[in-house]
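For reference, the chains in residue letters:
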Amino acid sequence: MERVNAICRHKLWRESVGEIARLEQDRVFCRHDRAHFLDVARLAYIENLERGLGVDKELIYAAALLHDIGRHLQYTQNIPHDEAGAQLAEIIMADCGFSPAERAEVTQAILQHRGDGDRSRDGLAALLCRLRDAGLWGMEAIYGANSPETTYRHLKMAGRFGLYTTAGSDFHGGNSPGIELGMPVSDDILPWARLGIR
């Protein structure tokens, strides 16, 4: 996987990872570091093998190494990290010898990894059904950066599968400019939250 190794040696990738580490130094959980990227790669590759999807291992690792690479631009310039990451990935992958078709496949995956892309409804529905059957009880339907349409779609999907809905602000401390801890949510959207259950 020489091209994957080339991603890790690429100056822009290394600088981005370093800047993310600097900005997330006070985070206790959920750091977007090399360990996170490799965890995502390994889990995605296992899923690929178990489901017989036939996705090339090198593309899986490329997508995993690049999917959160735009985090520092979200923190410093308020650019959604999936959009920033897709732009950085295009540059890095082109320099590392990936074809235009491979770059398009990976950048599309990066743009969709937060669930706001053009994933098929049946694909997400099938995934939620499997997760619910495995014990999933809720899903984050309300997130400040989501459009009203996305929020509605997530609320509707949660209702369809009998899942509790949760809300998140994506607050991670002082490195989250413009994001405050918590967010106002009406009782009619999350009535169970006031009960202190689940």
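As shown above, the structure is provided for reference.
This structure is a prediction, so every number in the text was calculated from the model and none was measured.

A. Structural detail: the overall build of the protein chain. Regarding its fold elements, the protein chain presents nine helices and two strands. For the protein chain, the α and β elements follow one another from N to C terminus as α-α-α-α-α-α-α-α-β-α-β. Considering the protein chain as a whole, with its 198 residues, one finds that 37% of them fall into the buried category. Long-range pairs, those at least 24 residues apart, make up 65% of the contacts in the protein chain between residues at least 6 apart in sequence. When the accessible surface of the protein chain is split by element, carbon and sulfur atoms take 55% of a total near 11400 Å².

B. The arrangement of the environment of histidine 67 in detail. Tracing the sequence through the fold places histidine 67 in the loop between helix H4 (57-66) and helix H5 (71-77). Here the alpha-carbon distance between histidine 67 and alanine 109, two residues 42 residues apart in the chain, equals 7.9 Å. A polar atom in the side chain of histidine 67 sits 2.7 Å from the backbone oxygen of alanine 64. A polar side-chain atom of histidine 67 sits 3.0 Å from a polar atom in the side chain of aspartate 68.

C. Representation of the environment of valine 17. On the secondary structure map, valine 17 appears in helix H2 (residues 11-23). On the basis of relative accessibility, which here comes to 8%, the residue valine 17 falls in the buried class. With 17 residues separating them in the primary sequence, valine 17 and arginine 34 have C-alpha atoms 7.7 Å apart. Not counting residues up to four positions away in its chain, the partners in contact with valine 17 are Arg34, Phe37 and Ile69.

D. Seen up close, helix H6 (residues 81-95). For H6, with 15 residues, the first-to-last C-alpha span of 21 Å sits near the 21 Å given by 1.5 Å per residue. Regarding H6, the residues found buried are His81, Asp82, Ala84, Gly85, Ala86, Leu88, Ala89, Ile92 and Met93. Contact partners of the buried residues in H6: helix H1 (2-9), H2, H4, H5 and helix H7 (100-112).

E. Local environment of the packing of H1 against H4. At a minimum axis separation of 9 Å, H1 and H4 run at an interaxial angle of 15°. Considering the angle they form, H1 stands roughly parallel to H4. Like other packed secondary-structure pairs, H1 and H4 cross with a definite hand, here right-handed. For the pair H1 and H4, contact is made by Glu2, Arg3, Val4, Ile7 and Cys8 and by Glu58, Tyr61, Ala62, Leu65 and Leu66, respectively. The class makeup of the residues in the contact of H1 with H4 is seven nonpolar, no polar and three charged.

F. Structural context of the side chain of glutamate 24. Take glutamate 24: it is sitting in the loop between H2 and helix H3 (34-51). Within the structure, the side chain of glutamate 24 is placed 2.4 Å from the side chain of tyrosine 75, a separation counted as a polar contact.

G. The pairing of strand S1 (residues 138-143), seen in detail. In terms of residue burial, S1 counts as a mostly covered element, since five of its six residues are buried. Here S1 runs beside strand S2 (residues 164-168); their pairing, made up of five bridges, is parallel. Looking across to S2, one finds that isoleucine 142 is bridged to alanine 167.

H. Geometry of H3. Here H3 contains 18 residues, and its C-alpha end-to-end distance of 26 Å stays within 8% of the 26 Å for a straight helix at 1.5 Å per residue. Residues of H3 that are buried include every one of Phe37, Ala41 and Asn48, and no others. Taken down its axis, H3 places every buried residue within 35° of arc, on the same side. Turned more than 90 degrees off the buried face of H3, the exposed positions are Leu43 and Glu50. Contacts from the buried residues of H3 go to H2 and H4. Glycine 52 occupies a position one or two residues after H3 and carries a positive phi of about 60°.

Rules of the game
- Residues numbered from 1 in each chain as written.
- Predicted model: local features only at pLDDT ≥ 70, side-chain atom pairs only at ≥ 80, totals over all residues.
- Heavy atoms only, no water.
- Helix = DSSP H or I, 4+ residues; strand = E, 2+ residues; numbered from the N terminus.
- Buried < 20%, exposed > 50% of the residue type's maximum accessible area, 1.4 Å probe, protein only.
- Contact = heavy atoms within 4.5 Å.
- Areas by Shrake-Rupley, 256 points an atom, 1.4 Å probe, with all protein chains shown as cover.
- Polar contact = N/O pair within 3.5 Å; in protein donor to acceptor, adjacent residues only side chain to side chain.
- Expected span 1.5 Å × (residues − 1).
- Axes fitted to C-alpha atoms, helices over the stretch in contact; angles between N-to-C directions.
- Parallel < 35°, antiparallel > 145°, perpendicular 65-115°, else oblique.
- Left-handed = near helix turned anticlockwise from the far one by under 90°.
- Nonpolar A, V, L, I, M, F, W, Y, C, P; charged D, E, K, R; others polar.
- Pairing = 2+ DSSP bridges.
- Arc of directions from axis to C-beta.

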